[in-house]
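One-letter residues, chain by chain:
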Amino acid sequence: MSKVVKFGGSSLASAEQFEKVGSIIRAEAERRFVVPSAPGKRFGNDTKVTDMLYGCYALAEADKDFAKELKAIKARYEEIIKGLKLKLSLDDEFVTIEKNFKEKAGKDYAASRGEYLNGIIMANYLGFEFIDSATVIFFNEDGTFNAEKTHQVLSKRLEGLENAVVPGFYGAYDNGKVKTFSRGGSDITGSIVAKAIHADVYENWTDVSGCLVTDPRIVKNPQKIEIITYRELRELAYMGASVLHEDAIFPVRQEGIPINIRNTNDPGNSGTWIVGSTGQKSKYVITGIAGKKGFCSINIEKDMMNSEVGFGRKVLQAFEESNISFEHLPSGIDTMTVFVHQDEFMDKEQKVVSTIQRLAKPDTIDIESDLALIAVVGRGMKSTRGTAARIFSALAHAHINIKMIDQGSSEMNIIIGVANDDFENAIKAIYDIFVETCL
Ligand code: ASP
């Protein structure tokens, strides 16, 4: 059995956090491959090393003095090395970094040093081999991830190794120039390494005990999700729930490797399992609730719309011509509604309306703004009657007017539109009816 363990920035922000990570890794021999992030925040208004590096490099790029900023970054690492009582010096590394900054090695190179240096410390601390990700993770010339070459080189490099540390967040182009993923990208590296070694589990260690049923800023101490499918997670993530970098799902999903989200500060908690499919029902029929504010609905009416072939295409063409993507598209016999992001739409409102008029010749167009969309997601809905009814009655009791309801064809989610002002209360009401009443 082998596991890949990825630790986020807050899990590696100080020597104290490193020690927690060390005992987690040593607790199970299966935890063989380690993917560290750069040191994150130690306290509320602290700065992540990645951000310090971006700031420092911006000075270098503008030919300004960056000695003080680089020294502060070095101090972050030295604090960790000293706290762990390691016999390790990063002096030579920092001489190289300074030289490369002066030679303008690039923003990505600069940011990647956060993970690179933390990887060196981690490898030294654990006695594991260090593998520079620039030699095993590759990008295509257009900046996209080169999955094929990476898989080939990385699996070969890791073959036969008992343990290794592979820093997160970066790789390189074929010519060796360093390139990073987007922010939070160490999650992707962990997933890629898990795929390369055909890991049994990809453990993603962070500072929360897994995914929560809903946003803790809206519902106090929401319950934890025990098990969620990749598809459910994607639906929730799309609506704003964030646990994992979106692109981290794909490599492990292809291999059917489950992801286990865990908390470095509470290792006894089993966290959340993200899996391909499961026969296990979620405790509350629904798996999660997420939502976003700031939508607009464009309601289009035309008598006999139902028999007019091509009407929908013409309406959508008007949005396409203004380069606006739509979110939802509920329709009736003679009506069609298009939900879009308000901030994308507002500037182009009149242009879209006139294009709809010109192309589709509707009877009326009516626009409503300041709407919120809420997704109630759950694989259990398919086989349970009354889910929509429960949502309706919860919202009716809370005196919330439902503007729209749309059930995805997968029967795994129900999307509800409400006024922005009702957003928080609607989420609370839905949470209460499904979760609180079951506790
Ligand atoms: N250190 C990088 C960031 O702050 C990548 C990561 O932590 O995943 O975005």
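As shown above, the structure is provided for reference.
Residues numbered from 1 in each chain as written. Predicted model: local features only at pLDDT ≥ 70, side-chain atom pairs only at ≥ 80, totals over all residues. Heavy atoms only, no water.

Participant: Would you take a moment to explain the nonpolar core for this structure?
Facilitator: What tends to happen in soluble globular proteins is that the nonpolar side chains get buried as a cluster. By size, the foremost hydrophobic cluster in this structure holds 71 residues, and its most contacted members are Val 4, Leu 158, Ile 259, Ile 374 and Ile 430. Residues in contact with Leu 158, not counting those within four places in the same chain, are Phe 33, Ile 131, Ala 164, Val 166, Val 193, Ala 196 and Ile 197. Ranked by size, the runner-up nonpolar core spans 44 residues in total, among them Val 5, Leu 12, Tyr 109 and Tyr 116. (Core = buried A, V, L, I, M, F, W, Y, C linked by side-chain atoms within 4.5 Å. Buried < 20%, exposed > 50% of the residue type's maximum accessible area, 1.4 Å probe, protein only. Contact = heavy atoms within 4.5 Å.)

Participant: Help me understand the pairing of strand 15 (residues 404-407) in this model?
Facilitator: As a general feature of sheets, a regular strand has side chains that alternate between the two faces. Summarising the sheet, strand 15 and strand 16 (residues 413-419) pair through four bridges and their orientation is antiparallel. Bridging across to strand 16, Met 404 finds its partner in Gly 417. Here strand 15 folds back onto strand 16 in antiparallel fashion, the turn holding five residues, of which Glu 411 has a positive phi close to 55 degrees. (Pairing = 2+ DSSP bridges. Helix = DSSP H or I, 4+ residues; strand = E, 2+ residues; numbered from the N terminus.)

Participant: Mind showing me how you'd approach the packing of helix 4 (residues 91-102) against helix 5 (residues 107-126) here?
Facilitator: The description of two packed helices rests on the angle between their axes and on the distance between the axes. At a closest axis distance of 12 Å, the pairing of helix 4 and helix 5 adopts a crossing angle of 175 degrees. For the element pair helix 4 / helix 5, the angle class is roughly antiparallel. Here Glu 93, Phe 94, Thr 96, Ile 97, Asn 100 and Phe 101 of helix 4 lie close against helix 5, whose contacting residues are Tyr 109, Ala 110, Arg 113, Tyr 116, Leu 117 and Ile 120. Residues belonging to the contact of helix 4 with helix 5 are distributed by class as follows: eight nonpolar, two polar and two charged. (Axes fitted to C-alpha atoms, helices over the stretch in contact; angles between N-to-C directions. Parallel < 35°, antiparallel > 145°, perpendicular 65-115°, else oblique. Nonpolar A, V, L, I, M, F, W, Y, C, P; charged D, E, K, R; others polar.)

Participant: How should the site of the ligand be read in this particular structure?
Facilitator: Around the ligand lies a shell formed by Ser 37, Lys 48, Thr 50, Glu 115, Phe 169, Arg 183, Gly 184, Gly 185 and Ser 186. Here an oxygen atom of the ligand sits 2.8 Å away from a polar atom, N or O, in the main chain of Gly 184. Across the complex, the protein chains shield 91% of the 260 Å² of accessible surface that the ligand would expose by itself. (Near = heavy atom within 4 Å. Polar contact = N/O pair within 3.5 Å; in protein donor to acceptor, adjacent residues only side chain to side chain. Areas by Shrake-Rupley, 256 points an atom, 1.4 Å probe, with all protein chains shown as cover.)

Participant: Explain the sheet that holds strand 13 (residues 335-341) to me, please; I cannot follow it from the model alone.
Facilitator: Think of a sheet as strands paired side by side through backbone hydrogen bonds, with each pair either parallel or antiparallel. Strand order in the open sheet formed by five strands is 13-12-14-16-15, and the pairing between neighbours is antiparallel. With partners counted over all chains shown, the strands left at the sheet margins are strand 13 and strand 15, one partner each. If you compare each strand with its neighbour and ignore which way they point, the axes differ by 35 degrees on average. Pairing of strand 12 (residues 288-301) with strand 14 (residues 364-377) involves 11 bridges; the strand directions are antiparallel. Across the sheet, the residue bridging to Asn 299 is Asp 366, located in strand 14. Helix 10 (residues 311-321) contacts strand 12 and strand 13 of the sheet and is inclined by roughly 20 degrees relative to strand 13. The sheet contacts of helix 13 (residues 387-397) involve strand 14, strand 15 and strand 16, and relative to strand 16 the element is tilted by about 20 degrees.

Participant: How do you make sense of the sheet that holds strand 4 (residues 138-139) when you look at a structure like this?
Facilitator: Across the sheet, three strands lie side by side as 4-6-7; this open sheet has mixed pairing. In this open sheet, the two edge strands, each paired with only one partner strand, are strand 4 and strand 7 (178-180). Two elements, strand 4 and strand 6 (residues 170-173), share two bridges in a ladder whose sense is parallel. Looking at the pairing, Phe 138 lines up with Ala 172 of strand 6. In this fold helix 5 packs onto strand 6 and strand 7, with an angle of close to 75 degrees to the strand it touches most, strand 7.

Participant: Mind showing me how you'd approach helix 12 (residues 349-360) here?
Facilitator: The α-helix winds at 3.6 residues per turn, so residues separated by three or four positions along the chain end up facing the same way. Taking 1.5 Å per residue as the helical rise, helix 12 with its 12 residues ought to reach 16 Å, and the 16 Å between its terminal C-alpha atoms agrees with that figure. The complete set of buried residues in helix 12 reads Val 352, Val 353, Thr 355, Ile 356 and Ala 360. Within helix 12, the buried residues cover an arc of 165 degrees as seen down the axis, which keeps them to one side. On its buried face, helix 12 sits against strand 12, helix 10, helix 11 (342-345) and strand 14. Just beyond helix 12, the residue with positive phi is Lys 361, at close to 45 degrees. (Expected span 1.5 Å × (residues − 1). Arc of directions from axis to C-beta.)

Participant: Honestly, the pairing of strand 8 (residues 201-206) in this entry has me stumped. Any pointers?
Facilitator: The element strand 8 is extensively covered by neighbouring structure, given that six of its six residues are classed as buried. Where burial is concerned, the two faces of strand 8 agree: the one with Val 201, Glu 203 and Trp 205 and the one with Tyr 202, Asn 204 and Thr 206 are both buried. In this structure, strand 8 lies alongside strand 10 (residues 259-263), joined through five bridges in parallel fashion. Paired with Trp 205 across the two strands is Arg 262, which belongs to strand 10.

Participant: Is there a simple way to explain unusual backbone geometry in this structure?
Facilitator: Leave glycine aside and you will find that most residues have negative phi; peptide bonds, for their part, are mostly trans. Positive phi is not limited to glycine here, since Met 304 has a value of about 65 degrees. Given the relative accessible area of 56%, Met 304 is considered exposed. A positive phi angle is found at Asp 370, which is not glycine, with a value near 60 degrees. Residue position: Asp 370 is located in strand 14.

Participant: Just to check I follow, could you spell out a negative patch on the surface for this structure?
Facilitator: Together, Glu 301, Asp 303, Asp 363 and Asp 366 line one region of the surface with negative charge. For Glu 301, the position within the fold is in strand 12. (Patch = residues over 30% accessible without salt bridge, like charges linked within 9 Å, V, L, I, M, F, W, Y side chains within 5 Å. Salt bridge = Lys/Arg side-chain N within 4 Å of Asp/Glu carboxyl O. Lys, Arg positive; Asp, Glu negative; His and termini not counted. Charge placed at Lys NZ, Arg CZ, Asp CG, Glu CD.)

Participant: Got a minute to help me understand the side chain of Ser 11 in this structure?
Facilitator: Relative to the helices and strands, Ser 11 is located in the loop between strand 1 (3-7) and helix 1 (15-27). Those residues in contact with Ser 11 that lie beyond four places of it in its chain are Gln 17, Phe 18, Val 21, Trp 205, Thr 206 and Thr 264.

Participant: Can you walk me through the environment of Pro 167 in this structure?
Facilitator: By the secondary structure assignment, Pro 167 is in the loop between strand 5 (164-165) and strand 6. The buried category is assigned to Pro 167, whose relative accessible area is 0%. The sequence separation of Pro 167 and Lys 6 amounts to 161 residues, and the corresponding C-alpha distance is 9.2 Å.

Participant: In this structure, what is going on with the packing of aromatic side chains? I would like to understand it.
Facilitator: According to the stated counting rule, one finds 11 aromatic pairs in the structure shown. When the ring of Phe 7 is compared with that of Trp 205, the centres are 5.9 Å apart and the planes differ by 20 degrees; the resulting orientation is stacked. Within this pair, whereas Phe 7 is found in strand 1, its partner Trp 205 is found in strand 8, the two being separated by 198 residues in sequence. Look at Phe 7 and you get buried, because its relative accessible area is 0%. Residue classification places Trp 205 among the buried positions, given a relative accessible area of 1%. Ring geometry for Phe 66 versus Phe 101: centroids 5.8 Å apart, planes at 50 degrees, classification tilted. With Phe 66 in the loop between helix 2 (49-61) and helix 3 (67-83) and Phe 101 in helix 4, this pair connects stretches of sequence that are 35 residues apart. (Phe/Tyr/Trp six-rings, centres within 6.5 Å; stacked < 30°, edge-to-face > 60°.)

On their own, these measurements won't tell you what the molecule is for.
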